[in-house]
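These are the residues of each chain, in order.
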Amino acid sequence: MTENIKEIKSINRKSVFVIDCDKKSKNDVIESKTSKLISQCEENKIYCWVTKRRSIENYIPKDVLEKVLNIKPDTLNISQYDDVIEKLKDRKASCRERV
């Protein structure tokens, strides 16, 4: 992995990593592979942002998801640690069908 990070930096010295924390609750610990990636970024002076929420999808506002997916307003219950895609599948909604 270190070699890949060095290669990325050689391609674009202003690279940034956005890393999902993948935590299922506030008290979960970040996986070791994620911690290693963070360390490698730091060693190579590459900025990385680890999401506080489970994944980048958890930053999409609920009202936007409801509107785009034609879901009744204020009925989508997604927390910052939920798997958004799984929650939408549970509602029989698929992001791919709407694109």
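Just so it is clear, the structure is predicted and the values come from calculations on it, not from any experiment. The residue count restarts for each chain, going from 1 along the sequence in the order it is written. It should be noted that, the model being predicted, local features are given only for residues of pLDDT at least 70 and side-chain atom pairs only at 80 or more, the latter also being counted only at that level, while totals for whole chains, interfaces and linings use all residues. To obtain the side-chain values, all non-hydrogen atoms of the structure were used and water was disregarded.

With that settled, the discussion passes to the overall build of the protein. Helix and strand counts for the protein come out as 5 helices and 2 strands. A total of 99 residues make up the protein; the buried ones form 28% of that total. Carbon and sulfur atoms make up 48% of the accessible area of the protein, which totals about 7,600 Å². Elements are defined by DSSP. Helices are runs of H or I of four residues or more, strands are runs of E of two residues or more, and each kind is numbered from the N terminus. Buried, partly exposed and exposed residues are distinguished by accessible area as a fraction of the type maximum, computed with a 1.4 Å probe on protein chains only: under 20%, between the cut-offs, and over 50%, respectively. Surface exposure here means Shrake-Rupley accessible area, sampled with a 1.4 Å probe, where a residue is shielded only by the protein chains that are shown.

This next bit is on the pattern of salt bridges. We define a salt bridge as a contact between a side-chain nitrogen of Lys or Arg and a carboxyl oxygen of Asp or Glu at a distance within 4 Å. Inspection of the entire model under this criterion finds 4 salt bridges. When the shortest N-O distance is used, the salt bridge between K33 and E31 registers 3.7 Å. Between K87 and D82 there is a salt bridge; the shortest N-O distance is 3.8 Å. Overall, D82 belongs to the partly exposed group, its relative accessible area being 21%.

Below, the discussion takes up the nonpolar core. Residues I5, F17, I19, L37, I38, C41, I46 and C48 constitute the largest nonpolar core, which totals 8 residues. Of all elements in the fold, only strand 1 (16–19) and helix 2 (32–43) reach the threshold of two or more residues within this core. With 3 residues, the single largest contributor to this core is helix 2. Throughout, a residue-residue contact means that at least one pair of heavy atoms, one from each residue, lies within 4.5 Å. Every residue in contact with I5, bar those within four places of it in the chain, is listed here: F17, L37, Q40, C41, N44 and I46. To qualify as a nonpolar core, a set must consist of buried Ala, Val, Leu, Ile, Met, Phe, Trp, Tyr and Cys residues joined through side-chain atoms within 4.5 Å.

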